[in-house]
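If you want the building blocks of each chain, they are given just below.
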Amino acid sequence: MSKLFRRGVLAGLAALPLASTWTRSRAQSPDFPDRPLRFIVGFPPGGPNDLLTRLIAPGIGERLGRTVVVENKAGANGEIAASFTAKSPPDGGVFMLASNGSTTVAPALGRSLPYDIRTDFIAVAPVGINPMLLVVRPDLEVKTVADLLDVARAHQGKLNGASAGAGGATHLALELFKVMSRLDIVHVPYKGGGPAMADLMAGQVDLYFGGLSTALPHVKAGKMRALGQTGLTRSPAAPNIPTISESGLPGYEAAISYGVFLPAGAPTTLVERLHAAIEGTIRSPDIAKKFVTLGADPQFGSPSAFAAYVSNDFAKWARLAKEAGLKAE
């Protein structure tokens, strides 16, 4: 189990709604429906959510002895898919892969949603974490996170940080950095990561938190400089880039996490079998290598540990939203 999910276990599993929902159905022991199982993803084909879903779906189906069909229900940052899953029968016929953008971040920011992550789902298994890179324009005279902290403190309110959109992962990573370091950095929202990185490379903005898989090629090409990555541990895809936590801001973590959920009320037997199928698939050496190419670090943990992580992630972003005055767009 990774450090990420060990921290969740220590937070206290018994009191978590997601974990207790899972426990309530312990007496039941049915099998999965004898029909194709619908694996829901809330984004169009080709994005990281979709690619991870399609990567693990065949292995899950093989281990469950069922056909697993990936079904894209795109829209509203994954919220349409989550709403559909929450309202589906809890017989194992429908489950979803979702990122924390729709499961914990959106509700933590106060967005009005047709589902409640704390009561409408059972957390089955973590899948992966996609860390981001803190990158700066190539001509900014800083080489480490500590350098950036020194410059920003000496010039409060003078540096600006881009994001791919207000309220998204790149924006929250910036806000968490600001709150933890007590820095005044001006937020400049863009309509997507592409325009944000283009302006960073052109020297129009000073820093950006970009997805590892999309920012790393530009770093290797010398078009931007990477100071640190946002996970608690270094990603295998970028082992030479230190984490922000080890580079001057202890405890900093802001990553995009992915996991699989069932509708609330699904029997324990199905939860355990689906969890085993997911974890067995991700532990396959071939699948693990493909995770790295997607910029994702495989994650493992029991359903209760994953439920603890989800609960803690919600609380973390809710605290940040209050401290930084953030609201859903």
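Refer to the structure above for everything that follows.
Notes on the structure in this doc start here. (Residues numbered from 1 in each chain as written. Predicted model: local features only at pLDDT ≥ 70, side-chain atom pairs only at ≥ 80, totals over all residues. Heavy atoms only, no water.)

1. Observations regarding the sheet that holds strand 5 (residues 132-136)
Working step 1: Strand order in the open sheet made by the 5 strands is 7-6-8-5-9, with mixed pairing throughout. Looking at strand neighbours, the two that pair on one side only are strand 7 (186-189) and strand 9 (225-229), the edges of this open sheet. Mean inter-strand twist for the sheet, computed between neighbouring axes without regard to direction, equals 30 degrees.
Working step 2: Across 4 bridges, strand 6 (residues 160-163) lies against strand 7 in parallel orientation. Its bridge partner being in strand 7, Asn160 is matched across the sheet by Val186.
Working step 3: Each of strand 5, strand 8 (207-211) and strand 9 touches helix 6 (residues 145-154); the most contacted strand, strand 9, lies at about 100 degrees to it.
Working step 4: Seen against the sheet, helix 7 (residues 169-181) touches strand 5, strand 6, strand 7 and strand 8 and runs at an angle of roughly 130 degrees to strand 8. (Pairing = 2+ DSSP bridges. Helix = DSSP H or I, 4+ residues; strand = E, 2+ residues; numbered from the N terminus. Axes fitted to C-alpha atoms, helices over the stretch in contact; angles between N-to-C directions. Contact = heavy atoms within 4.5 Å.)

2. Thoughts on the side chain of Thr281
Working step 1: Relative to the helices and strands, Thr281 is located in helix 10 (residues 268-282).
Working step 2: Take Thr281: its relative accessible area is 2%, and that puts it in the buried class.
Working step 3: A distance of 3.2 Å separates a polar atom in the side chain of Thr281 from a polar atom in the side chain of Arg63.
Working step 4: A polar contact of 2.7 Å, which involves the side chain of Thr281, links it to the backbone oxygen of Ala277. (Buried < 20%, exposed > 50% of the residue type's maximum accessible area, 1.4 Å probe, protein only. Polar contact = N/O pair within 3.5 Å; in protein donor to acceptor, adjacent residues only side chain to side chain.)

3. A short note on the environment of Pro107
Working step 1: As for its placement among the helices and strands, Pro107 is situated in helix 5 (residues 100-108).
Working step 2: For the pair Pro107 and Trp317, spaced 210 residues apart in sequence, the C-alpha separation works out to 9.1 Å.
Working step 3: Apart from the residues within four sequence positions on either side, Pro107 is in contact with Ser102, Leu113, Ile117 and Phe314.

Function cannot be inferred from these measures alone, as they are strictly geometric.
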